[in-house]
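Here are the chains, one letter per residue:
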Amino acid sequence: MNPPVIFVPGITASDLHDAYQLPPEAVWTTVRTHHYERVTLHPDDQRYEFHEPARVVPGGPFPMIYENLVAELRDGLSDDQGATAAVYPFGYDWRLPLDLTEERLAAFIQEVVDRTRLMGHYRHSDWADDPTVSLVGHSMGGLIIGGYIERYGGGSVDKVVTLGSPFQGSYEAILKVATGTADLGDDSGGARERRMARMTPALYHLLPSFADALNVDEGLETDIYRPGAWQPSVVRTLEKQVEGWSVSGNELFAAMLDAAAAHRARLADLRLDDRDMSDNDWLAIAGVDAETRVELRVRSDEHGAPRFDLRSDERRNDWDSEDETLRRRTGDGTVPLAGAVPQFLDESRLVCVTPGDFGYWELRDRGLSRVAGFHGLLPKMNMLHRLTLRFLLGKDDSYGNTWGRPLPGVTQWDPPLELAKRQ
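What comes next concerns the included structure. (Residues numbered from 1 in each chain as written. Predicted model: local features only at pLDDT ≥ 70, side-chain atom pairs only at ≥ 80, totals over all residues. Heavy atoms only, no water.)

**Details of the pairing of strand β3 (residues 25–28)**
The side chains of a regular strand alternate, residue by residue, between the two faces of the sheet. Direction of pairing for strand β2 (residues 14–18) relative to β3: antiparallel, over a ladder of three bridges. Paired with Asp-18 across the bridge in β3 is Glu-25. Linking two consecutive strands that pair antiparallel, namely β2 and β3, is a turn of six residues. (Pairing = 2+ DSSP bridges. Helix = DSSP H or I, 4+ residues; strand = E, 2+ residues; numbered from the N terminus.)

**Focus on the nonpolar core**
With 125 residues, the main nonpolar core has Ile-6, Ile-149, Trp-230 and Trp-282 as its most contacted residues. Here the element with the most residues in this core is helix α3 (residues 98–117); it accounts for seven residues. If we ignore the near neighbours within four places in the chain, the residues touching Ile-149 are Gly-154, Val-157, Val-160, Leu-270, Leu-272, Arg-275, Met-277 and Trp-282. (Core = buried A, V, L, I, M, F, W, Y, C linked by side-chain atoms within 4.5 Å. Buried < 20%, exposed > 50% of the residue type's maximum accessible area, 1.4 Å probe, protein only. Contact = heavy atoms within 4.5 Å.)

**Things to note about the layout of surface pockets**
Size it by volume and the second largest pocket reaches roughly 370 Å³. If you go around the second largest pocket, you meet 18 residues; those closest to its centre are Phe-210, Ala-211, Val-294, Arg-328 and Ala-338. Of the residues that constitute the lining of the second largest pocket, the class distribution is ten nonpolar, three polar and five charged. (1 Å grid on protein atoms, 1.4 Å probe; cavity = no way out; pocket = protein on both sides within 12 Å on 5 of 7 lines; lining within 4 Å. Points joined across faces, edges and corners; volume = space filled by probe spheres on them. Nonpolar A, V, L, I, M, F, W, Y, C, P; charged D, E, K, R; others polar.)

**Examining α3**
With 20 residues, α3 extends 28 Å between its outermost C-alpha atoms, agreeing within 8% with the 28 Å of an ideal straight helix rising 1.5 Å per residue. Taken together, the buried positions of α3 are Leu-98, Thr-101, Glu-102, Leu-105, Ala-106, Phe-108, Ile-109, Val-112, Val-113 and Thr-116. (Expected span 1.5 Å × (residues − 1).)

**Overview of the sheet that holds β2**
The pairing of strands in a sheet comes from backbone hydrogen bonds and takes either a parallel or an antiparallel form. Taken in spatial order, the three strands line up as β3-β2-β4 in an open sheet, and their pairing is antiparallel. Of all strands in the sheet, those with a lone pairing partner are β3 and β4 (56–61), marking the two edges. Neighbour to neighbour, the strand axes of the sheet diverge by 40° on average, direction disregarded. Examined bridge by bridge, β2 and β4 share four bridges and lie antiparallel to one another. Looking at the pairing, Ser-14 lines up with Pro-61 of β4. (Axes fitted to C-alpha atoms, helices over the stretch in contact; angles between N-to-C directions.)

**Quick word on the packing of aromatic side chains**
Here the structure, examined in full by the defined rule, presents 18 aromatic pairs. Centroid distance Phe-90 to Tyr-92: 5.8 Å. Interplanar angle 20°. Geometry classified as stacked. Its relative accessible area of 3% is what places Tyr-92 among the buried residues. A network of ring pairs unites the aromatic residues Tyr-88, Phe-90, Tyr-92 and Phe-108 as a single cluster. One residue, Lys-159, lies across the ring of Phe-391, its end atom 5.0 Å from the ring centre. Against the face of Trp-403 rests Arg-422, its NZ or CZ located 3.7 Å from the ring centre. (Phe/Tyr/Trp six-rings, centres within 6.5 Å; stacked < 30°, edge-to-face > 60°. Lys NZ or Arg CZ within 6 Å of the ring centre and 35° of its normal.)

Printed below as a string of structure tokens:
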């Protein structure tokens, strides 16, 4: 039998319910319910909510985006005799520091192994002699998987697939914290959302860390993980929010940035061959050919403090350029290509896909990608369903219906499975 699969969604893509209420009350759903004040975390202990008594707990991933992928995995991984494939969605509290989510993923992996042992066709298979799971992650889900493997090793993991994961970050995280508006979740930009975003540790885990991420005026801080790189208004909001509690806004801001920087450093130090895995065990997919913010200018204001220049001309899509360097100035609408490259994999391993890879019968999804963004719809692409299944099953492409593209500038493309190359 094929190993059971755990699917890990992106940030804001799991429902949250306040279980203190009876019946539990929805305080965050991906489409309708956004109670920002109810999901804001407490400055004294960010495991819990600012407004107590409460007990906010995660539900499942957002069905509209993920149900087809999960259904295809369950169907495609089942054997010819109809034995059910075990595919488990992992809903998690996307507000929390990723270290806490990794701990919960580790416990969930053990639970999945224990549950799968109860299924007769698994219990009597070779899988039971050396039980493993495969992990599929979208967006921030890939960071959680990477952090889990760096921390716990890959001994319990068979294969990994990541879709549009910002391994080196996204400018949208800066915009979300600074303004409340970005391609990460709701984009109302209201004051309540800004306050909630600025006290959400997970958002800081998505900050960009690739080379020259910030284009700054002389004398300004270049490292977005340092408080001095930020507009003063961010800390002022935090100071007002935490007034009267045991931590200051400056202290809380610095602590969240430090924790996020430490997690990014762990991902940068990850070496798969040291963690009981190899490059052939990881399929990393990045979206390209969508207009994406690829630069952020930071200017000095009249007081010499940083001011983010959020002009729209920093959103670019140079995928069709003949210059291989310029071609990297693209992304999936949310994650720039520079942020999607995992530091623990050679660039030759990365597989790029475009909105044009939606099939003829996916015209609705192709149209939605122009409105909702290509990044959020990656998990709905039928070709990626087929590609994920091929990789997990170790099968050839007998029908020629999967493909990909190398990272611009890569001359010797070496994806972890045989794959048709498109331009």
